[in-house]
Amino acid sequence: MYLSTLFLIKIEKGVIHAISKCNEEFLKRFGAVKDYIPVFFDLDSSGKVLGINNEGNELMALWDVFKDFKNDIAQIDLPVVRAMDLIHTVRNELA
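Since this is a predicted model, take the numbers as computed values, not measurements. (Residues numbered from 1 in each chain as written. Predicted model: local features only at pLDDT ≥ 70, side-chain atom pairs only at ≥ 80, totals over all residues. Heavy atoms only, no water.)

1. Details of helix H4 (residues 54-66)
Okay, step 1: Its 13 residues give H4 an end-to-end C-alpha distance of 18 Å, which sits within 8% of 18 Å, the value for a rise of 1.5 Å per residue.
Okay, step 2: If you check which residues of H4 are buried, you get Gly56, Glu58, Leu59, Met60, Leu62, Trp63 and Phe66.
Okay, step 3: In this structure, the buried side of H4 is in contact with helix H1 (3-10), helix H2 (15-30), helix H3 (37-40), strand S2 (49-52) and helix H5 (79-94).
Okay, step 4: The residue sitting at the N-terminus of H4 and contributing the capping side-chain oxygen is Asn53; that oxygen lies 3.1 Å from the backbone nitrogen of Glu55. (Helix = DSSP H or I, 4+ residues; strand = E, 2+ residues; numbered from the N terminus. Expected span 1.5 Å × (residues − 1). Buried < 20%, exposed > 50% of the residue type's maximum accessible area, 1.4 Å probe, protein only. Contact = heavy atoms within 4.5 Å. Polar contact = N/O pair within 3.5 Å; in protein donor to acceptor, adjacent residues only side chain to side chain.)

Rendered as structure tokens:
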């Protein structure tokens, strides 16, 4: 299931519950990755970021539905939130 869809389905039980469920799914798919760049972006042979890939686009779709709630759960530190923050930053630098 697409992470943004999962978030919207679970939001009725609260933001923390919804993003926690997304985090569980994120960890099932990607594990506790330390470097998100090669997972969510296409790179050239030297490691330069060329653009966002499908997995990165999925995280940005989640970001689009989650961003308005981020300040409500500032105390929560989850891998999926860290990944979204990084991907959002790198994507903006590419633009």
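2. Quick word on the packing of aromatic side chains
Okay, step 1: Scanning the entire structure with this criterion turns up seven aromatic pairs.
Okay, step 2: Ring plane angle 90° and centroid distance 5.9 Å describe the contact between Phe7 and Phe66, whose orientation is recorded as edge-to-face. Of this pair, Phe7 sits in helix H1 while Phe66 sits in helix H4, and the two are 59 residues apart along the sequence.
Okay, step 3: With a relative accessible area of 0%, Phe7 lands in the buried category.
Okay, step 4: Look at Phe7 and Phe69: their rings are 5.8 Å apart centre to centre, the planes differ by 55°, and that puts the pair in the tilted class. (Phe/Tyr/Trp six-rings, centres within 6.5 Å; stacked < 30°, edge-to-face > 60°.)

3. Focus on the environment of Pro79
Okay, step 1: Mapped onto the elements, Pro79 comes out in helix H5.
Okay, step 2: According to the relative accessible area criterion, Pro79 is buried, its value standing at 13%.
Okay, step 3: In this view, Pro79 contacts Asn23, Phe26, Leu27 and Tyr36; residues no more than four positions away in its chain are not counted.

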